[in-house]
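If you want the building blocks of each chain, they are given just below.
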Amino acid sequence: MAVTLDLSGKRILVVGASSGVGRAVARTVVEAGGHAVLAARRAEGLADAVASMASARGQATAQVCDVTDPPQCRDAVQGAITQLGGLDGLVYAPGISPLGLLKDAGHEDWQRVFAVNVIGASLVTAAALDALEETRGRAVYVGSYSTRQSLPGLGLYSTSKVALQGLIAAWRMEAPGVDFTSALLGNTAGTEFASEWGAEKTAEITRIWIERNLFPAATMMRLEAAAEAIAMVLAVEGFIDEIAIMPRQADVSASGS
Ligand SMILES: NC(=O)c1ccc[n+]([C@@H]2O[C@H](COP(=O)([O-])OP(=O)(O)OC[C@H]3O[C@@H](n4cnc5c(N)ncnc54)[C@H](OP(=O)(O)O)[C@@H]3O)[C@@H](O)[C@H]2O)c1
């Protein structure tokens, strides 16, 4: 049985939508008839994403927001609610993944990764809470399978994603009028996830993985597959508390072949 995603008239704020998973989720929402506000720091990336969705069934608009800046979180969420006339769903996709060993990580590295991956998620949720409660809305957070199995060099990232899961559980207890979902994602192609890693650091960390027989990512899934599963959480009637979206063995090889 084929199920067609229908988000007709649903008002969804997608944070972290200038590239990668967030952008693909926004596209899926708009193609399914929803109205998405796309938020992130890069205005050009947002404008390009919105323009690429011009012929879709629903509508897309943009809202600049740096989630590490509390006033911007408040203003951007309020701006989105005003543009949409209410809020049925929030998708929180921002995530940064500095590559480096824990023994080399300083206070600023920890602050940076927690500011985006955890604290921003809570600030955005707090700003959206009243509007989500009004509609018995959904809030979906993009987490990572690395919470199940970390790797040398990704400790800051996986620790922050474990904290994100704790945050979701805490919000669920404080705000029973909203449905909170954790979407654990496996390796996904076509994003800017590793764009800051640099060749030297990547080679250093990859050497450790090879020496220790750790095989992080044999395959990667298509961006659209991840986006469809996340958007599905917004579309179904039942409450989904956690989903894991993983590449198959037969998906694209992580080395691109
Ligand atoms: N790709 C994977 O294999 C994979 C696997 C597991 C989990 N994930 C998770 O998927 C999510 C999306 O990552 P991605 O792979 O799509 O990477 P991406 O292409 O780098 O997307 C990250 C998004 O987050 C936004 N962002 C970063 N810092 C921000 C800030 N301070 N304020 C607002 N927005 C910010 C970026 O926009 P701006 O730079 O314009 O702000 C961008 O839109 C992340 O949470 C990541 O942890 C990815």
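Residues numbered from 1 in each chain as written. Predicted model: local features only at pLDDT ≥ 70, side-chain atom pairs only at ≥ 80, totals over all residues.

Moving on to the overall build of the protein chain. When you go through the protein chain residue by residue, the secondary structure sums to seven helices and nine strands. Computed over C-alpha atoms, the radius of gyration of the protein chain comes to 18 Å, within 12% of the 18 Å expected from 2.2 N^0.38 for 257 residues, which places it in the range of a compact globule. The principal-axis extents of the C-alpha atoms in the protein chain amount to approximately 55 × 45 × 35 Å. Per-residue burial over the protein chain gives 43% buried out of 257 residues. (Helix = DSSP H or I, 4+ residues; strand = E, 2+ residues; numbered from the N terminus. Rg over C-alpha atoms; globule rule 2.2 N^0.38 Å. Buried ≥ 20, exposed ≤ 12 C-beta atoms within 10 Å, placed from the backbone.)

For Asp179, the position within the fold is in strand S6 (residues 179-185). The sequence separation of Asp179 and Glu31 amounts to 148 residues, and the corresponding C-alpha distance is 23 Å. When neighbours within four sequence positions are excluded, Asp179 is seen to be in contact with Arg138 and Phe239. (Contact = placed C-beta atoms within 7 Å.)

The next point concerns the site of the ligand. Near the ligand there are 28 residues, and of these Gly20, Arg41, Arg42, Gly95 and Thr191 occur at the shortest range. The set of elements that each furnish at least two residues to the shell around the ligand consists of helix H1 (20-31) and strand S5 (138-144). Counting residues per element, the shell around the ligand draws most heavily on H1, at three residues. Here the residues of the shell around the ligand are counted per class, giving twelve nonpolar, twelve polar and four charged. (Near = placed C-beta within 6 Å. Nonpolar A, V, L, I, M, F, W, Y, C, P; charged D, E, K, R; others polar.)

In summary, the side chains of a regular strand alternate between the two faces of the sheet. Residues of strand S4 (residues 89-92) alternate between two faces, with Gly89 and Val91 on one and Leu90 and Tyr92 on the opposite face, all of them buried. The pairing of strand S1 (residues 11-15) with S4 spans four bridges and is parallel. Paired with Leu13 across the two strands is Leu90, which belongs to S4. Where S4 and S5 come together, four bridges link them in parallel fashion. By the bridge assignment for S5, Gly89 is matched with Arg138. In terms of handedness, the path from S4 via helix H4 (residues 107-135) over to S5 forms a crossover that is right-handed. (Pairing = 2+ DSSP bridges. Right-handed = clockwise from strand over helix to strand, strands pointing away.)

Moving on: the pairing of S6. In terms of burial, S6 is largely enclosed, as six of its seven residues are buried. In terms of strand pairing, S5 meets S6 through seven bridges, oriented parallel. Counterpart to Ala139 in the pairing with S6 is Phe180. Crossover connection from S5 via helix H5 (residues 155-174) to parallel S6: handedness right-handed.

We now examine the nonpolar core. Buried together is how nonpolar side chains tend to be arranged in soluble globular proteins. Counting residues in hydrophobic clusters, the biggest one holds 68 residues, and the most contacted among them are Leu13, Val14, Val15, Val25, Leu38 and Ala39. At nine residues, the largest contribution of residues to this core is made by H4. If near-sequence neighbours (up to four positions away) are discounted, Val14 is found in contact with Gly22, Val25, Ala26, Val29, Ala36, Leu38, Ala39, Val91 and Ala93. (Core = buried A, V, L, I, M, F, W, Y, C linked by C-beta atoms within 7 Å.)

Compared with an ideal rise of 1.5 Å per residue, which puts 29 residues at 42 Å, H4 spans 40 Å between its outermost C-alpha atoms and is within 8% of the ideal. At Leu129, H4 is bent by approximately 55°, the largest bend along its length. Of the residues trailing H4, Arg136 is marked for its positive phi of about 50°. (Expected span 1.5 Å × (residues − 1). Bend = angle between axes of the 7 residues up to and from the residue.)

At a minimum axis distance of 8 Å, the contact between H1 and helix H7 (residues 223-235) shows a crossing angle of 60°. It follows that H1 is oblique to H7 by the angle criterion. Between H1 and H7 lies a crossing of right-handed hand. Note on element contacts: H7 touches H1 through Leu223, Glu224, Ala226, Ala227, Glu228, Ile230 and Ala231, opposite Val21, Ala24, Val25, Arg27, Thr28 and Val29. (Axes fitted to C-alpha atoms, helices over the stretch in contact; angles between N-to-C directions. Parallel < 35°, antiparallel > 145°, perpendicular 65-115°, else oblique. Left-handed = near helix turned anticlockwise from the far one by under 90°.)

All we've got here are geometric facts, nothing functional implied.
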